[in-house]
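# Analysis of the macromolecular model
Listed below, chain by chain, are the residues.
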Amino acid sequence: MSRARVLLLNAALGPLDYRVPHGMAVEPGSIVLAPLGPRQLAGVVWEAERMPSDAEVGDNRLRNLAAAYDLPPVAAPLRRLIEWTADYYLSPPAAVLRMALASASALDGGRTAIEYRATGHVPERLTAQRGQALERIGERQGLVRELAQIADVSDGVIRGLVKAGAIEAVEVSIDDPFPAPNPDHAPPALSASQADAAGTIVAAVRDGGFAPMLLDGVTGSGKTEVYFEGIAAALREGRQALVLLPEIALTEPFLKRFEARFGHLPVAWHSDLRSTQRRRAWRAIASGEAKVVVGARSALFLPYAHLGLIVVDEAHETSFKQEDGVPYHARDVAVMRGQFEEVPVVLASATPAIETRQMVEIGKYRELKLEQRHGGATMPAIETVDLTRDPPPRGRWLAPSVVSAMRETVERGEQALLFLNRRGYAPLTLCRTCGHRFRCPNCTAWMVEHRLTARLACHHCGHVMPPPAECPECHEPDALVACGPGVERIADEVAALLPDARVAIVTSDTIWSPAKAAEFVGRMEAGEIDVVVGTQLVTKGYHFPNLTLVGVVDADLGLQGGDLRAAERSFQQIAQVAGRAGRGSKPGRVLVQTREPMAPVIQALVSGDAENFYHAETESRREALAPPFGRYAAIVVSSEDQAEATTAAKAIGLAAPQVEGMTVFGPAPAPLAMLRGRHRQRLLVHARRALDVQAVMRGWLGEVEWPRGVRVAVDVDPYSFL
Ligand code: ADP
Ligand code: ZN
């Protein structure tokens, strides 16, 4: 090649052409460094015919590529996936490529990097900042920048500590291979139905080829053990396996189980990695030395050298949908990656999404079923607690029957879990005297009181303020009251009722890293916690044999402000949290507090007959041509200037083409009418399945112009309707 089209790591740019200097060899997929103005930028060589360029430049005006990296090229299946993702989600290809080349420093050669850690020596001049830095860094190690971030001080403070001998440099190796997991380390004895399901996955891995499967098994049926056999098969074939998990908090328990089964840890990939860990993992994934990778959705786009299997665990989880940047759904893109790579894809879930069930229904996915819990554990009995008949005392949130069940559980030395999907102490704070409500200045949202950290916080933009001593409106002191419960308030209630019980709060505020999750799991397993109060973070994945009671504090919460998946999501959430109960030898009990015990969702949970519920939900979606029978795409138009947002949204609405099978709703102010200081207008596009709605939208939006201050974000297959 003497001329190369390069997709640079800059989402604002289309592909650019370069001259390949003499002596440099590149091919499609080669990772290169290219000049751009006065700078140099990394990028990937692409087939010119697949990536049209806006500006054809003559050979004589081309600039030379600066360098080609000594790295394996981005393989064709991943290039096709990047194109598909960009196309489907109407996003710049470079934005998708960035997820594949996710570690900028990994591109550079070099086998070592310098990190820093505390020596234990206390410097003579110990300023407040230095003290804070040493305190917060503790045993941790990282680049100067990372330590500064952890400690919340400037880089200079860290460097000063290095000079003073309190922090030392350590050389870490970047190219050390990861030890290979051993497929024969400790295989379990599978039950007959587990062996059946595992056999199908193993055969698919051995045969190779695209094979999408739904592993549909009740909570505690051993889905993990089953897909582990698929991973073992991939290892025996010398191939890599990727396991996607919905939350990084789940990585830690997964790592432990994996190590027990395979003798070594898999390679973890998530946002909490240090830059050097990220770099080492990326290189090992690209070279094929990382045999098994477990990660959050961002692990999906990495350049695996010999992928042999993809598993999406808890595949129904909506956290697989990315809401910012490229708004992709990792479950759906995982299936596409399986198709391009020609490998099997296992979607594991106890409560599969209607979209996934429909793919089974029409014969596109194979279904593997596990009907029973492993080892004779029984499914917990689910009972409703009618809050209209058995109400909690005023100012409390737990019904008397739930309280007595909890007391008995704790007295027996067993553990209880209370589920409420609300972080903080109370969702709303107001002034008793004048009725003033605390709103976020940047968002259409209440400020949520967090007593643990003593502040009010906006859950949308992160704005925080100390709780004021007086009402800012009427200046009445001590007049603020908390309205409604959050997990912290429930924890207070438990502490008041059972003063001796050890209570833990589990939310993204308390479990924000795999290490924190490990600490929680350790305390649960050691029996150091009696009652857990948690958000959706505790509903998934965990296996605590001594946890025998689950209380759902407000089963009606998920049905409010219902979007099209509200009932389904409520069902999944409650079924999942119920699934935490009675996983060991002791039977579990689930108490669901509700004001509407006859609602179809609640009835489906109590009767254990999910099929009727799913059937009714599916039929109503079919009638409305809602997903998966039709498609939605949202267009969110935002600006700091309200009038500008409204005008631009109107212009986009007016420009909508008349297309058979497509309807455009709106624009209208979004339910979250303001977010991070931007006013938001929404349009919702509905299209029939057969319509290439992306092509229509590309043409449509390509013709409208809007001012610089306006942002237009398209969300194909939206999960959030805010
Ligand atoms: P699921 O993912 O379906 O909720 P898990 O894979 O977590 O279920 O299994 C539940 C528990 O039962 C785990 O502790 C797991 O180790 C155990 N288990 C499942 N199958 C087997 C088996 N065949 N042999 C031994 N233990 C098993
Ligand atoms: Zn806000």
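Reading the values: the criteria
- Residues numbered from 1 in each chain as written.
- Chains lettered and ligands numbered in written order.
- Predicted model: local features only at pLDDT ≥ 70, side-chain atom pairs only at ≥ 80, totals over all residues.
- Heavy atoms only, no water.
- Helix = DSSP H or I, 4+ residues; strand = E, 2+ residues; numbered from the N terminus.
- Near = heavy atom within 4 Å.
- Polar contact = N/O pair within 3.5 Å; in protein donor to acceptor, adjacent residues only side chain to side chain.
- Phe/Tyr/Trp six-rings, centres within 6.5 Å; stacked < 30°, edge-to-face > 60°.
- Buried < 20%, exposed > 50% of the residue type's maximum accessible area, 1.4 Å probe, protein only.
- Lys NZ or Arg CZ within 6 Å of the ring centre and 35° of its normal.
- Donors = N, O, S within 2.8 Å, 3.2 Å for Na, K, Ca; no water.
- Tetrahedral: all angles 85-135°; square planar, octahedral: opposite > 155°, others 65-115°.
- 1 Å grid on protein atoms, 1.4 Å probe; cavity = no way out; pocket = protein on both sides within 12 Å on 5 of 7 lines; lining within 4 Å.
- Points joined across faces, edges and corners; volume = space filled by probe spheres on them.
- Nonpolar A, V, L, I, M, F, W, Y, C, P; charged D, E, K, R; others polar.
- Pairing = 2+ DSSP bridges.
- Axes fitted to C-alpha atoms, helices over the stretch in contact; angles between N-to-C directions.
- Contact = heavy atoms within 4.5 Å.
- Parallel < 35°, antiparallel > 145°, perpendicular 65-115°, else oblique.
- Left-handed = near helix turned anticlockwise from the far one by under 90°.

### Points about the environment of Val312
Take Val312: it is sitting in strand β13 (residues 307-313). Taking the C-alpha atoms as reference points, Val312 and Pro187, 125 residues apart in sequence, are found 21 Å from one another.

### What to know about the site of ligand 1
Around ligand 1, the structure places 16 residues, and the nearest of them are Gln194, Gly220, Lys223, Glu225 and Arg257. One of the side-chain nitrogen or oxygen atoms of Arg257 is found 2.7 Å away from an oxygen atom of ligand 1. With three residues, helix α7 (residues 223-236) is the single largest residue contributor to the shell around ligand 1.

### Focus on the packing of aromatic side chains
As enumerated under the stated definition, the model contains 17 aromatic pairs in all. Arranged with centres 5.7 Å apart and planes meeting at 90°, the rings of Tyr227 and Phe228 form a pair that is edge-to-face. Accessibility expressed as a relative area gives 0% for Tyr227, which makes it buried. Pairing Phe228 with Phe254 gives two aromatic rings, centres 5.8 Å apart and planes at 80°, and the pair type is edge-to-face. Within this pair, whereas Phe228 is found in helix α7, its partner Phe254 is found in helix α8 (residues 251-262), the two being separated by 26 residues in sequence. The aromatic ring of Tyr425 is capped on one face by Arg451, whose charged end is 3.7 Å from the ring centroid.

### Considering the coordination of the zinc ion (ligand 2)
Looking at the zinc ion (ligand 2), the protein donor atoms are Cys440 (SG), Cys443 (SG), Cys458 (SG) and Cys461 (SG), and they sit 2.2 to 2.3 Å from it. One way to put it: the four donor atoms around the zinc ion (ligand 2) meet at angles of 102 to 115°, and that makes the site tetrahedral. Read in sequence order, the donor residues coordinating the zinc ion (ligand 2) give the pattern C-x2-C-x14-C-x2-C. Taken together, the residues span a long stretch of sequence, with Cys440 in the loop between β18 (428-431) and β19 (448-450) and Cys461 in the loop between β20 (455-457) and β21 (464-465) at a distance of 21 residues. A residue is classified by how much of its surface remains accessible, and Cys461, at 24% relative accessible area, is partly exposed.

### A few points about empty space enclosed by the protein
For the structure shown, the criterion picks out three cavities of 30 Å³ or more. Roughly 50 Å³ of internal volume is contained in the largest cavity. Around the largest cavity, the lining residues are His316, Thr318, Arg331, Ala353, Glu355, Arg565, Glu568, Arg569, Gln572 and Tyr719. Considering every element that reaches the lining of the largest cavity, the biggest residue donor is helix α15 (residues 566-578), with three residues. Along the lines of polarity and charge, the residues of the lining of the largest cavity split into two nonpolar, three polar and five charged.

### Some details on the sheet that holds strand β24 (residues 531-534)
Taken in spatial order, the six strands line up as β16-β26-β25-β17-β24-β23 in an open sheet, and their pairing is parallel. The two strands at the open ends of the sheet, each matched to only one other strand, are β16 (381-386) and β23 (503-506). Strand-to-strand twist in this sheet, taken as the mean axis angle between neighbours without regard to direction, amounts to 20°. Where α15 meets the sheet, its contacts fall on β16, β17 (415-419), β25 (547-552) and β26 (589-594), and the angle it forms with β25 comes to roughly 155°.

### Looking at the packing of helix α1 (residues 76-88) against helix α2 (residues 93-100)
Taken N-terminus to C-terminus, the directions of α1 and α2 make an angle of 135°; their axes are 8 Å apart at the nearest point. Between α1 and α2, the angle is such that the two are oblique. As for how α1 packs across α2, the hand of that crossing is right-handed. Touching Leu78, Ile82, Thr85 and Ala86 of α1 are Pro93, Val96, Leu97 and Ala100, all from α2. A per-class count over the contact of α1 with α2 returns seven nonpolar, one polar and no charged.

### Some remarks on the environment of Leu161
Take Leu161: it is sitting in helix α5 (residues 155-163). Sequence-wise, Leu161 and Pro477 are 316 residues apart; in three dimensions their C-alpha atoms are separated by 45 Å. Among all residues touching Leu161, those that are not within four sequence positions of it are Pro123, Arg130, Ala133, Leu134, Ala166 and Ile167.

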